[in-house]
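Fold and geometry: a report
Residue-level listing of the chains:
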Amino acid sequence: MFKILHNPRCRKSREVLKLLQERGIDPVVIEYLKTPLNKKKIEEVVSFLNEMDFKKLIRKNELIYKEKYKNKILSKSDLIQAIVQDPILLERPIVIKDKKAIIGRPPENVLDLLK
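I will try to describe carefully the structure that is included in this document. These figures come from a predicted structure and were not determined experimentally. (Residues numbered from 1 in each chain as written. Predicted model: local features only at pLDDT ≥ 70, side-chain atom pairs only at ≥ 80, totals over all residues. Heavy atoms only, no water.)

On to unusual backbone geometry. Residue P93 follows R92 across a cis peptide bond; omega there is -5°. Mapped onto the elements of the fold, P93 is located in the loop between α4 (76–85) and β3 (94–97). Its identity as a non-glycine residue notwithstanding, N71 has a phi of 65°, on the positive side. Since its relative accessible area comes to 74%, N71 is described here as exposed. With a phi angle near 55°, D98 is a residue other than glycine that sits in the positive phi range. Tracing the backbone shows D98 in the loop between β3 and β4 (100–103). Classification of D98 as exposed rests on a relative accessible area of 54%. (Helix = DSSP H or I, 4+ residues; strand = E, 2+ residues; numbered from the N terminus. Buried < 20%, exposed > 50% of the residue type's maximum accessible area, 1.4 Å probe, protein only.)

Side chains three or four residues apart in an α-helix point the same way, a direct result of the helix having 3.6 residues per turn. For helix α2 (residues 39–48), the full list of buried residues reads I42, V45, V46 and F48. Down the axis of α2, the buried set is contained in an arc of 160°. They therefore lie on one face. Of the exposed residues in α2, the ones pointing more than 90 degrees away from its buried face are K40 and S47. Its buried side turned inward, α2 meets β1 (2–6), α4, β3 and β4. The N-capping residue of α2, defined by a side-chain oxygen 3.1 Å from the backbone nitrogen of K40, is N38. (Arc of directions from axis to C-beta. Contact = heavy atoms within 4.5 Å. Polar contact = N/O pair within 3.5 Å; in protein donor to acceptor, adjacent residues only side chain to side chain.)

Below, the discussion takes up the sheet that holds β1. Reading across from one edge, β2-β1-β3-β4 is the order of the four strands in this open sheet, with mixed pairing throughout. Looking at strand neighbours, the two that pair on one side only are β2 (28–31) and β4, the edges of this open sheet. Direction aside, the axes of adjacent strands within the sheet are offset by 20° on average. Docked against the sheet, helix α1 (residues 11–22) engages β1, β2 and β3, running at close to 160° with respect to β1. (Pairing = 2+ DSSP bridges. Axes fitted to C-alpha atoms, helices over the stretch in contact; angles between N-to-C directions.)

Note that β1 and β2 share four bridges and pair parallel. Among the inter-strand pairings, I4 is bridged to a residue of β2, identified as V29. Note on the crossover from β1 through α1 to β2: the handedness is right-handed. (Right-handed = clockwise from strand over helix to strand, strands pointing away.)

What follows is about the pattern of salt bridges. Considering all chains together, one arrives at ten salt bridges under this definition. Residue E15 pairs with R11 through a salt bridge whose shortest N-O separation is 2.9 Å. Of this pair, E15 and R11 both sit in helix α1, four residues apart, roughly one helical turn. Classification of E15 by relative accessible area gives partly exposed; the value is 29%. (Salt bridge = Lys/Arg side-chain N within 4 Å of Asp/Glu carboxyl O.)

Scope: geometric values only; no functional claims are made or implied.
Structure representation (structure tokens):
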């Protein structure tokens, strides 16, 4: 089963959803801004990502990031807590299949989950 952490206002997120649907995949769509993920769920997503990707989870161009976190060294735990407090900081889209997750930037990255 595929899941997508999705923001319908995000062009890249819409592109990834379309890419999956064009390949016959109807993922479970989780609009994380409407239904924020709790700490345990975010930790789970982080555990499914390639270790090098976890730092890419934070959207550094968001105003809230610049006001609260810029120029700070954030541990994995700090990143998770920041996302719990401010879900807008979660990079999107993230596609999850089984126990593997990929950030869909660029959208073609998610094709690795189809192999």
